Amino acid sequence: MSKTAMIALLAEMNDADGVIFARIRNEMPAALRDTETLPPAVVRTALHLDDAAALFAIAGNLGLPRGAIAELYTGPALRMLRALRALGPKNPRAYTEATRGVRELMDRHLGGSAAAWGRLLALLPTHEGPLHAAIEAAGAGDDHSGPTGPDELLAIPAELRTEFRQLALLAPADSIARLLPALRPHIVRDLVRFGVEVPPAVLADTIARATPAQCRSLARARRALPEVGAALIGLDDPALNALVYLNPHTGEAIRARIMASSTPLHPTLVERLCDNWSIPTRLPALWSGDPLLVRAALLKRRTMSITLAESLAIWQDRGIEGLRPHARHQVAMPAGSEPRPFRAPRYRLLFMIALLRLCDRAGPRAALDLLDDVPVAESEARRCRELLSSPAGIARLRAEIDAAGGTRRLVRRLRTDLPRFGWPMLETTSVDWAEITRAHRRKRFSDPALALLAKQDGCPAELRREAGWVPTGGRWPVPIGWSDPRTGRGLAASERATAADVAAGRTPIGELLTGPRAASACELLALRDTIAPDGRAAHELSVRLRELIERRVTPADRVAFAVVALRLLPEFEGSLAQLVDTAAAAVRG
C-alpha cells in the first residue's frame, strides 16, 4: 500500500481541526510523518472553513507555522482563489488535493451554464463567504448577471480573467465545452494556451481567428495540448513550424510530420538541428529527406570528440572518411577496425523510410550514399541498393513500407517493451485511433504504452483518462513538469484492471466500497477524478463513503474511529465498507 491510499482515506475523515492527522502522524510513512508542507488532506478541509480561529487551531495541532495556515484563510472567496494560486507553485500536491472539492462543486452547481458562471463572476469581488459558498450561491441564483440570450456573450471583467482561467482549468471538460459558445475569442485563446481541452471545431476557429503574433504565442505555449501544435502546422508557415518543433513539449509524431511536410524548413530550425545533440530534437529529421539533417539524426554523440556542428561541417567537406579521425570506439574493438560515426535507426522500417524520403527529395544517389555511411548488414545493404537502382525497385520499396507500417504496426510495438524515447511514434506518425481503441479494449496496453499514446494529438479521452494523463506542461498554476504522483503508475495489476473497468463504465464506481480490499479501494479513491466517467460519479463515491461513516460513527467518536481505521488500513483484508464497520465496532467497544 502506498502513502497515497492513506492520504485519500484521511481526506475523507473531515479532519477539521487537524487532530486526526496529529494523532496518527507518527505512525504514518516517513514521507508523511516528516512533511514540512501542509498535508493535502488538511488543505482540502481548510477550503470549507471561514473561521480564522479554527485554521489557527489546525496549525497548532499540527505544529505548523500559523502563517502557513493563515495563507489559506478561506473568506472572502476571491482571496481564497488567489491564496490557492499562490500555493500551487510551492505545494502542487496540496493545491491538487484542495481543488478536487472545487471541481465537484463546479460540476454540480455551475456546469456549462453561462448564466451561473456570470453570477459567480459578479459575486467574487464582494462575496464575504468562502469559495464553496460563492459557487453554491451562483448555481442557485436566479438573477440575470450572466448572458440572458443565446447570442449574448459572458462578460469577464479584466481584473478577473486570471481567476476565470484558474476556475476553467479546474472545471470538467464537458462543462467548459458547453460554455465555450458564450466566451469571446480572446478568452478562448487564453484557455487553449493554458491547456483547456476544446472541441476540434473550436480549436480550428481559434487558430483561424488568431493573428500571426497570437499564433506564435500558441506555438510557444508549454502547457497547450498536443492538438494545438498539430493544428498550427496545418497553416504551412515555416516560422510557425519551427516554433512548434522546438517547443520542448512537442511530441515525436508532430515533429516527424513537420519534417515530412512540403513546407520548407525555417533556417532557425535547421540551425538548431545541426547544433543540438538532443535525441528527441534530432531523430525526427530522419523524415526530412535532407542528407545533412539525416546525418545529424544518426551521428553518435559518444563516439565523436567534436561538436555536432563541427562534425556535420567536416562530413559536408570530406564525407565519412573525414569524420573518422574525430571518432572513437565506445567499447574495445579488434585492432584495425575503424570507428563508426553513424548508427542505424532502432527499427529497420524507420531506416527504410529514411532511404525513401532521401530518394524522393534528394534523389536515389543520396539514399545510396547513406547506405555507405551507416553500418547495416551486408545482405540488407545489397538488397536496398538493388531496390534503389531503378524506378520499379523504388516503387517496391514504397509498397513494402506501406504494407509494413501503419497502426497495426504501432499496436505490435506497444505490446512489446517500449524504449525510453518514443521511437514507435516516429514509425507511425498518423494514427487510426479507432483501431487503437479497439486493440486496447481487446487487451489493455501497458501503462508506459498508454502514457505514450496520451501525449499524441487526437488521443481519445477514454485512453487519456485511463492513463491518468495531464498535459506535459502540467496544469497551471502548478509548476511546469510536475505531475500528480497519484496517476496510477504504482497500482497493482488488479487495481489497474478495476480502474480501467470504472473508467470504461463497466463497473459502477460505488462498487469500490464493497469490492476490492480496503487499501486498493483507497488507492483508487485517490484517483476518482481521473477514473470516474464524469464529475458526478466522482462526487458520488465520496458522498457514499461519508454517508457510510456518518451512519456508523457518532461525532464524539470521530477522532478515535479515524485513528483505528487508518491503523487497520494497510493489512485489512476486507472491503472499505467492512473496514468502516470494523473500526466503528472497535471504537464502540
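Data block above holds the structure.
Think of each chain on its own: its residues are numbered from 1, step by step along the sequence as written. For a predicted model such as this one, the threshold for reporting local features is a pLDDT of at least 70, and the threshold for listing and counting side-chain atom pairs is 80 or more; totals across whole chains, interfaces and linings nevertheless cover every residue. To get the side-chain values, take all heavy atoms of the structure and skip hydrogens and water.

Section: the pattern of salt bridges
Pairing is possible between side chains that carry opposite charge, provided their charged atoms lie close to one another. Note the cut-off: Salt bridge, as used here, is a side-chain nitrogen of Lys or Arg placed within 4 Å of a carboxyl oxygen of Asp or Glu. The helix and strand labels rest on DSSP assignments: H or I over at least four residues marks a helix, E over at least two residues marks a strand, and numbering proceeds from the N terminus. Burial classes follow relative accessibility: with a 1.4 Å probe on protein chains only, a residue under 20% of its type's maximum area counts as buried, one over 50% as exposed, and anything between as partly exposed.
Under the criterion given, the structure shown has 22 salt bridges. Note that Glu 462 and Arg 441 form a salt bridge whose closest N and O atoms lie 2.7 Å from each other. In this pair, Glu 462 sits in helix α31 (residues 461-467) while Arg 441 sits in helix α29 (residues 433-442), placing the two residues 21 residues apart along the sequence. Owing to a relative accessible area of 18%, Glu 462 belongs among the buried residues under this scheme. For Glu 573, the salt bridge is made with Arg 517, and the minimal N-O distance between the two is 3.6 Å. Of this pair, Glu 573 sits in the loop between α36 (558-568) and α37 (576-588) while Arg 517 is found in the loop between α32 (493-503) and α33 (518-525), placing the two residues 56 residues apart along the sequence.

Re the packing of aromatic side chains
As a reminder, the rule being used: Between rings of Phe, Tyr and Trp, where Trp is taken as its six-membered ring, a pair exists when centres lie within 6.5 Å; planes separated by under 30 degrees are stacked, by over 60 edge-to-face, and by other angles tilted. The criterion for a charge sitting over a ring is simple: Lys NZ or Arg CZ within 6 Å of the ring centre, and within 35 degrees of the ring normal.
What the rule picks out here adds up to three aromatic pairs. Arranged with centres 5.5 Å apart and planes meeting at 70°, the rings of Trp 117 and Phe 164 form a pair that is edge-to-face. Separated by 47 residues along the polypeptide, Trp 117 in helix α9 (residues 114-123) and Phe 164 in helix α11 (residues 161-170) bring together distant segments of the chain. Side by side, Trp 117 and Phe 164 carry an identical accessibility label, which is buried. Ring geometry for Phe 194 versus Trp 476: centroids 5.6 Å apart, planes at 65°, classification edge-to-face. Here Phe 194, found in the loop between α13 (185-193) and α14 (200-209), pairs with Trp 476, found in the loop between α31 and α32; they are 282 residues apart in sequence, far enough to count as distant. On the basis of relative accessibility, which here comes to 12%, the residue Phe 194 falls in the buried class. Directly above the ring of Phe 194 sits Arg 165, whose terminal nitrogen or CZ lies 3.7 Å from the centroid.

Re the nonpolar core
Selection rule: Side-chain atoms within 4.5 Å link the members of a nonpolar core, which is a set of buried Ala, Val, Leu, Ile, Met, Phe, Trp, Tyr and Cys residues. The contact rule is simple, with two residues in contact once any of their heavy atoms fall within 4.5 Å.
Among the nonpolar cores identified, the biggest contains 116 residues, and Met 106, Trp 117, Leu 154, Phe 164, Leu 183 and Leu 232 are the most heavily contacted of them. With ten residues, the top contributor of residues to this core is helix α23 (residues 348-362). In this view, Leu 232 contacts Ile 207, Cys 215, Leu 218, Ala 219, Leu 240, Asn 241 and Val 244; residues no more than four positions away in its chain are not counted. With 43 residues, the next largest nonpolar core counts Ala 518, Cys 522, Ala 537 and Leu 541 among its residues.

A few points about the packing of α9 against helix α10 (residues 131-140)
Our working definition: Note on method: axes are straight lines fitted to C-alpha atoms, helices fitted across the in-contact stretch only, with angles between N-to-C directions ranging 0 to 180 degrees. For this classification, under 35 degrees means roughly parallel, over 145 means roughly antiparallel, 65 to 115 means roughly perpendicular, and everything else is oblique. Here is the rule for handedness: rotate from the far helix to the near one, and if that takes an anticlockwise turn smaller than a right angle the crossing is left-handed, while a clockwise turn gives right-handed.
Interhelical geometry of α9 versus α10 gives an angle of 135° and a closest axis separation of 8 Å. One finds that α9 runs oblique with respect to α10. Here α9 and α10 pass one another in a crossing that is right-handed. Residue-level inspection shows Ala 116, Arg 119, Leu 120 and Leu 123 of α9 in contact with α10, the latter providing Ala 134, Ile 135, Ala 137, Ala 138 and Gly 139.

A few points about α14
Applicable threshold: What the arc describes is the spread of directions from the helix axis to the C-beta atoms.
Taken together, the buried positions of α14 are occupied by Leu 203, Thr 206 and Ile 207. Along the long axis of α14, the arc covered by the buried residues comes to 90°, so they all point the same way. In this structure, α14 carries Ala 201, Ala 208 and Arg 209 as exposed residues pointing more than 90 degrees from its buried face. Looking at the buried side of α14, the elements it contacts are α13, α15 (212-220) and α16 (226-232).

A closer look at the environment of Arg 361
Tracing the backbone shows Arg 361 in helix α23. Given the relative accessible area of 41%, Arg 361 is considered partly exposed. Linking Arg 361 and Ser 288, residues 73 residues apart in sequence, is a C-alpha distance of 8.4 Å. If we ignore the near neighbours within four places in the chain, the residues touching Arg 361 are Met 259, Ala 260, Ser 261, Ser 262, Ser 288 and Gly 289.

Re a positive patch on the surface
To keep it simple, the criterion reads: Exposure above 30% relative accessible area and no salt bridge define the residues that can form patches, which grow by joining like charges within 9 Å and nonpolar side chains of Val, Leu, Ile, Met, Phe, Trp and Tyr within 5 Å. Accessible areas in this description were obtained via Shrake-Rupley with a 1.4 Å probe; residue shielding takes into account the shown protein chains only. Under the counting rule used here, the positive set is Lys and Arg, the negative set is Asp and Glu, and His together with the chain ends is not counted. Every charge is mapped to an atom, namely NZ of Lys, CZ of Arg, CG of Asp or CD of Glu.
A cluster of basic residues, Arg 415, Arg 438, Arg 442 and Lys 443, forms a positive patch on the protein surface. Relative to the helices and strands, Lys 443 is located in the loop between α29 and α30 (447-454). For Lys 443, a relative accessible area of 55% translates into the label exposed.

Quick look at α30
Looking at α30, one finds that the buried residues are Ala 449, Leu 450, Leu 452, Leu 453 and Ala 454. Looking at the packing, one finds that the buried side of α30 touches α18 (252-260), α27 (407-415), α28 (423-427), α29 and α31.

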